[in-house]
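Structure at a glance
What follows is the residue order along each chain.
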Amino acid sequence: MTISRRTVIATGLAAGAGALSLPLLGGCEKRSSGIKVGVMLPFTGTYAQLGEQILAGFRLAVAEAGGQVGGREISTIIVDDESDPGKAPENANRLINAQGADLLLGSVHSGVLAGMVKVVRESGTILVCPNAGAASATGAMCAPNIFRASFSNWQPAFPMGKVAFDRGCRTAVTMAWNYGAGEESVGAFEESFAAAGGSLLKRIMVPFPNVEFQAHLTEIAALKPDCVFVFFAGAGALKFVKDWAAAGLKGRVRLLSTGFITEGVLKDQGADAEGILTTLHYADALQTPENLRFRAAFREAAKREADVYSVQGYDAGQLMLKGLAAVNGDASQRPAMIAAMEKAEIVSPRGRFTLSAAHNPVQDIYLREVQGGKEVVLGVAHAALSDPARGCRMA
Ligand code: BEZ
């Protein structure tokens, strides 16, 4: 399904996909007795595929619950947030105040999440984040009604600094898109790499969502680091890995990243991705009953393969459903929902996880390597890793 810019799609999840398409409304709407989830995800631009995967995972979780809680049907109001932080507060406000959303789900881009956080800190609406790793959401801007079912940007990147040093990397260059997720990812790698004894030669930042990498790759070749740690995702990650190989760096300099560099794009990266070492809270290849069952159910429902984004959408759905089940579907009972969500143990395809006091998953971070076109799990780089939640004071 392709969702056009600035379009809202109202979908009865119990009834299946694509029920009705209508423009964003400016006035007030009557609240129904059903449960309305306002969804803000990107369906255009470099993160479009991530948005589609998250939505499909969320839909699967709701469908497995029968599309309702306590007899109240769950529906979604969907906005293409275009990964544009500037539009996020307006989009979130309209979902809550004009469209009558009871809960919010979103987003992919850290800057968009920051805009949603501002709005729900005012309105008290329960927000579940299915991807964006902005530290502030479960750090300085944490709040009882803000939950994350994915990761903080620090979490998957931090373990890689020690892994890199232990594998002989002594000098590194970091490179990322110049916005919150990029800064926080390379910052976390640099923190643990320096603590292990490594030296950073240079940090290179590229405007988001620019994919003109060539000049930077030439500079990296001249710097001759032992390893390079990057943050790129979605369509940008596909382009980066292709450019890396075309620049002749593959096999000469060790390429390290969080798993976002290959998630959802590994097949298209082909042989150029061989040997990339990543850390992430998920891997397709996990041989647990939960992951095997989830991947088969996702394939059946979405007619494509699952990835970390679909897992996060699924788990965001599971977390919301735990809250709704505690109040028999009455989403107006926020304190009881929040209490249930805080205590939740999520049986996830990534492995079981609970939430920290700041409402961020406490989870294992896997070490993975691309071998023969597949992500092979080499082990757990850091077990039960909790984000430091710097600056979080829960009211
Ligand atoms: C972020 O903006 O937080 C983000 C986007 C894509 C993948 C991972 C993180």
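Up top you'll find the structure we're talking about.
Figured I'd write up the structure that's included with this text. The structure displayed is predicted, hence computed values, not measured ones. Along each chain, numbering runs from 1 in the same order as the chain's sequence is written. Where totals are concerned, whole chains, interfaces and linings use all residues; where local detail is concerned, this predicted model gives features only for residues with pLDDT of at least 70, and gives and counts side-chain atom pairs only at 80 or more. To obtain the side-chain values, all non-hydrogen atoms of the structure were included, while hydrogens and water were left out.

1. Digging into the pattern of salt bridges
This is how the line gets drawn: Counted as salt bridges are all cases of a side-chain nitrogen of Lys or Arg within 4 Å of a carboxyl oxygen of Asp or Glu. Counting from the N terminus, the helices are the DSSP runs of H or I reaching at least four residues and the strands are the DSSP runs of E reaching at least two. Type-normalised accessible area, obtained with a 1.4 Å probe on protein chains alone, sets the label of each residue: buried when under 20%, exposed when over 50%, and partly exposed for intermediate values.
A complete count under the given rule lists 18 salt bridges for this structure. Taking the shortest distance from any N to any O, the salt bridge between K202 and E219 comes out at 2.6 Å. Of this pair, K202 sits in strand β10 (residues 199–206) while E219 is found in helix α6 (residues 214–223), placing the two residues 17 residues apart along the sequence. The partly exposed category is assigned to E219, whose relative accessible area is 27%. With a closest N to O distance of 2.7 Å, E305 and R299 form a salt bridge. Taking relative accessible area as the criterion, E305 reaches 42% and is therefore assigned partly exposed. The network of salt bridges with common partners includes D284, R295, R299 and E305.

2. Remarks on helix α1 (residues 48–64)
Heads up, the condition is: Here a helix's expected span is defined as the number of its residues, less one, multiplied by 1.5 Å.
Given a rise of 1.5 Å per residue, 17 residues ought to cover 24 Å, and the 25 Å separating the end C-alpha atoms of α1 matches this to within 8%. Within α1, 14 of the 17 residues are buried, leaving the element largely enclosed by the surrounding structure. Positive backbone phi, approximately 85°, marks G66, located one or two places after α1.

3. Comments concerning the site of the ligand
So the rule is basically this: If a single non-hydrogen atom of a residue is within 4 Å of a molecule or strand, that residue counts as near it. Pairs of N or O atoms are called polar contacts if they sit within 3.5 Å, as long as, within protein, a hydrogen donor faces a hydrogen acceptor (for residues adjacent in sequence, only side-chain-to-side-chain pairs). Three classes are used: nonpolar for Ala, Val, Leu, Ile, Met, Phe, Trp, Tyr, Cys and Pro, charged for Asp, Glu, Lys and Arg, and polar for all others, with Gly counted as polar.
Neighbouring residues of the ligand: 15 residues in total, closest V108, S110, G133, Y179 and A181. Within the side chain of S110, one N or O atom sits 2.6 Å away from an oxygen atom of the ligand. Contacts to the ligand include Y179, whose side-chain N or O atom sits 2.6 Å from an oxygen atom. Among the residues forming the shell around the ligand, the class breakdown is 10 nonpolar, five polar and no charged.

4. Concerning the packing of aromatic side chains
This is how it is decided: Centre distance within 6.5 Å is the pairing criterion for rings of Phe, Tyr and Trp, where only the six-membered ring of Trp is used; planes under 30 degrees apart are then read as stacked, over 60 as edge-to-face, and the remainder as tilted.
Taken as a whole and assessed by the stated rule, the structure comprises 17 aromatic pairs. Judged by centre distance (5.2 Å) and plane angle (15°), the ring pair of F189 and F193 falls under stacked. With F189 and F193 both in helix α5 (residues 180–196) and four residues apart, the pair spans about one turn of that helix. By relative accessible area, which is 0% here, F189 ends up buried.

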